[in-house]
Amino acid sequence: MADQSRNYPFGTLLTAMVTPFAADGQVDLDQAAALAVKLVDDGCDGLVVTGTTGETSTLTDAENLAMFQAVKDAVGDRAAILAGTGTNDTAHSIALSQKAQALGVDGLLIVTPYYNKPSQAGVRAHFEAIADATELPIMVYDIPGRTGIPIATETILQLAEHPRITALKDAKADFGAVTRVLAGSDLDVYSGDDGLTLPWMAAGAVGVVSVTAHVATRKFRALVDAALAGDFGTARALHFELDPVIRAVMTHVQGAVAAKQVLTWQGVLPNPAVRLPLVQPSGSELAPIVADLREAGMEFDINILDSTV
């Protein structure tokens, strides 16, 4: 249960960072470091590096590790750095997690093993094997829309008994299930759906792991702080203000694609490059993103927009 007086080791507002690419397709570590600093300056107290939004599935292990190092070096101890080291191969996840630990990251984000479709016993064994092989605290990431299987509530409660499994990023959109986890465990629960931050925190979640926070960091910081303080009138008003921004980033194209495009419009990134199989949005896909942002009162250089829409 969220308690404003508590210290949350992973923070309360975490951005699931994009991985910037240079024009030639290589990982741009300088841009990654600059983005990390900006996000922390604007209010993030945690960053997830090379999670889903960081396009981890198209990065090499060397690129993942370079990103962990670059972001950790850039922000130091100003924010918790969680390394996205989960894959659908337990042995590979362990090896990458151990290397991330050696670089000094603060924790691990481990997603449900995808594609293989293991039983719940296999899911539990996967997470526990990684937790047993490292000394870092782990945030379990439950996102059945991407992995193909949910983590059963009973499995989450069992995983919560492991001393190094300390948090849950819930992207299952099942309020009943997350209520059971909040009531039945000591896990720090984070909303994994930007638009559900308010109701999840009203039930006791401690914050959000957000994609949209890339482009509206300060407003998300204010929402999370208000909810932690029990000021749900303010939090509700901010929730409504953020709704069109969340729609812009999360509903028209894949989140990393949209976030990079908006960050480019904002002048934060030099380009919105993504790696295949992700592609740049078409003009018809950009138009509703622009409309949603304008509804939110976010305006950009009209020449930039007119050149793409």
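Residues numbered from 1 in each chain as written. Predicted model: local features only at pLDDT ≥ 70, side-chain atom pairs only at ≥ 80, totals over all residues. Heavy atoms only, no water.

A word on the overall build of the protein. Helix and strand counts for the protein come out as 13 helices and eight strands. Whereas a compact globule of 309 residues would reach a radius of gyration of roughly 19 Å, the protein reaches 18 Å, a difference of no more than 12%. The principal-axis extents of the C-alpha atoms in the protein amount to approximately 55 × 45 × 35 Å. Out of the 309 residues belonging to the protein, those deemed buried represent 53%. Long-range contacts, defined as pairs at least 24 residues apart, comprise 69% of the intrachain contacts of the protein with a sequence gap of at least 6. (Helix = DSSP H or I, 4+ residues; strand = E, 2+ residues; numbered from the N terminus. Rg over C-alpha atoms; globule rule 2.2 N^0.38 Å. Buried < 20%, exposed > 50% of the residue type's maximum accessible area, 1.4 Å probe, protein only. Contact = heavy atoms within 4.5 Å.)

Pairing within the closed barrel is parallel, and its eight strands lie in the order E1-E2-E3-E4-E5-E6-E7-E8. Taken pair by pair, the neighbouring strands of this sheet meet at an average axis angle of 25 degrees, ignoring direction. Here helix H4 (residues 120-133) sits on the sheet and contacts strand E4 (107-111), strand E5 (138-142) and strand E6 (165-170); the angle it forms with E4, its principal contact strand, is near 160 degrees. Sitting on the sheet, helix H9 (residues 217-228) touches strand E1 (13-16) and strand E8 (207-210), and the angle it makes with E8 is about 155 degrees. (Pairing = 2+ DSSP bridges. Axes fitted to C-alpha atoms, helices over the stretch in contact; angles between N-to-C directions.)

It is the contact of helix H2 (residues 61-75) with helix H3 (residues 90-102), at a shortest axis distance of 10 Å, that shows an interaxial angle of 30 degrees. Classified by chirality, the crossing of H3 by H2 is right-handed. Here Asp 61, Leu 65 and Phe 68 of H2 come into contact with H3, specifically with His 92, Leu 96, Lys 99 and Ala 100. When its residues are assigned to classes, the contact of H2 with H3 shows four nonpolar, one polar and two charged. (Left-handed = near helix turned anticlockwise from the far one by under 90°. Nonpolar A, V, L, I, M, F, W, Y, C, P; charged D, E, K, R; others polar.)

So, about the nonpolar core. Core analysis: the largest hydrophobic core is formed by 84 residues, its most contacted members being Leu 47, Leu 108, Ile 289 and Leu 293. Here this core gets seven residues from one element, more than from any other, and that element is helix H10 (residues 232-250). Contacts of Leu 47, omitting those with residues within four sequence positions, involve Leu 14, Thr 15, Met 17, Ala 36, Leu 39, Val 40, Val 71, Val 75, Ala 80, Ile 81 and Leu 82. Phe 10, Leu 14, Ala 16 and Ile 143 belong to the second-largest nonpolar core, a separate cluster that totals 17 residues. (Core = buried A, V, L, I, M, F, W, Y, C linked by side-chain atoms within 4.5 Å.)

Moving on, we get to the UniProt feature "site: Part of a proton relay during catalysis" (unreviewed entry) in the protein. Residues annotated in UniProt with the feature "site: Part of a proton relay during catalysis" (unreviewed entry) correspond here to Thr 52 and Tyr 115. Within the secondary structure, Thr 52 sits in the loop between strand E2 (46-49) and H2. Given a relative accessible area of 27%, Thr 52 falls into the partly exposed group. Within the fold, Tyr 115 resides in the loop between E4 and H4. Taking relative accessible area as the criterion, Tyr 115 reaches 72% and is therefore assigned exposed. Not counting the four nearest positions on each side in its chain, Tyr 115 is found in contact with Asn 88 and Thr 147. (UniProt positions renumbered as here; feature names shortened; annotations may be inferred.)

Right, let's get into the pattern of salt bridges. For the structure shown, the criterion picks out 17 salt bridges. The salt bridge partner of Arg 218 is Asp 42, with a shortest N-O separation of 2.8 Å. With Arg 218 in helix H9 and Asp 42 in the loop between helix H1 (29-41) and E2, the pair connects residues that are 176 residues apart, well separated along the chain. Exposure remark for Arg 218: the relative accessible area of 56% places this residue in the exposed category. A salt bridge links Lys 260 to Glu 55, with the shortest nitrogen-to-oxygen separation between them at 2.7 Å. One end of the pair, Lys 260, is in helix H11 (residues 255-265); the other, Glu 55, is in the loop between E2 and H2, with 205 residues separating them in the sequence. Like Glu 55, Lys 260 is buried. (Salt bridge = Lys/Arg side-chain N within 4 Å of Asp/Glu carboxyl O.)

Our next topic: helix H7 (residues 175-184). Within H7, burial applies to Ala 177, Val 178, Val 181 and Leu 182. Take H7 and look down its axis: the buried residues cluster within an arc of 135 degrees, on one side only. Exposed side of H7, more than 90 degrees from the buried face: Ala 183 and Gly 184 are the residues found there. Elements that come into contact with the buried residues of H7 comprise helix H6 (153-159), E6, strand E7 (188-191) and helix H8 (197-203). N-cap assignment for H7: the residue whose side-chain oxygen lies 3.2 Å from the backbone N of Gly 176 is Asp 174. (Arc of directions from axis to C-beta. Polar contact = N/O pair within 3.5 Å; in protein donor to acceptor, adjacent residues only side chain to side chain.)

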